[in-house]
Amino acid sequence: MVPFIALIGGFAVLRLLGLVGIDALDGWQPALRGALALMFVTTGVPHFLPSWRRDFVAMIPEVLPHPALLVTITGVLELAGAAGLLIPALAPFAAIGLALLMVALFTANVSAARRDLTLAGKPVTPLPVRTALQVLFIAAASAAAV
């Protein structure tokens, strides 16, 4: 739920800042891009924290090789995408890339939910809720790309 809170809360705060006079945030799209960047920092950083990293590695479906490397790559892509969202010329490309990454990562979320894994000691988000969140996140990234 932390990514959802980061996205919704970040959007509300950034949009409000735009409305009170911060020109760079004056519009729904800059606020959305900033909120997505916040969300991807909150999801990307844990890829490199030992206790979270172990859980992320366990989420990788067994048919995929080198799960630790995949966790590193996805963490780097999430953080790079977050940075790209904050650079206007790169933002549409970063948003598309992140949307595609979320589609690809959904297999790990399905695998984790089906195997009743934990993330940071808590059960992973149930699959129906995770699916709804994933659709929302991909829609937000798609909207940020236009």
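Notes on the structure in this doc start here. (Residues numbered from 1 in each chain as written. Predicted model: local features only at pLDDT ≥ 70, side-chain atom pairs only at ≥ 80, totals over all residues. Heavy atoms only, no water.)

1. Notes on unusual backbone geometry
Residues other than glycine seldom take positive phi values, yet Asp116 does so here, at roughly 55 degrees. As for its placement among the helices and strands, Asp116 is situated in the loop between α5 (91-114) and β1 (118-119). Despite not being glycine, Ala120 shows a phi value in the positive range, around 55 degrees. Within the secondary structure layout, Ala120 lies in the loop between β1 and β2 (122-123). Given the relative accessible area of 36%, Ala120 is considered partly exposed. (Helix = DSSP H or I, 4+ residues; strand = E, 2+ residues; numbered from the N terminus. Buried < 20%, exposed > 50% of the residue type's maximum accessible area, 1.4 Å probe, protein only.)

2. Focus: the side chain of Thr43
Relative to the helices and strands, Thr43 is located in helix α2 (residues 28-44). Residue Thr43 is classed as buried on the basis of its relative accessible area, which comes to 17%. Discounting residues that sit within four places of it in the chain, Thr43 has contacts with Pro3 and Glu78. (Contact = heavy atoms within 4.5 Å.)

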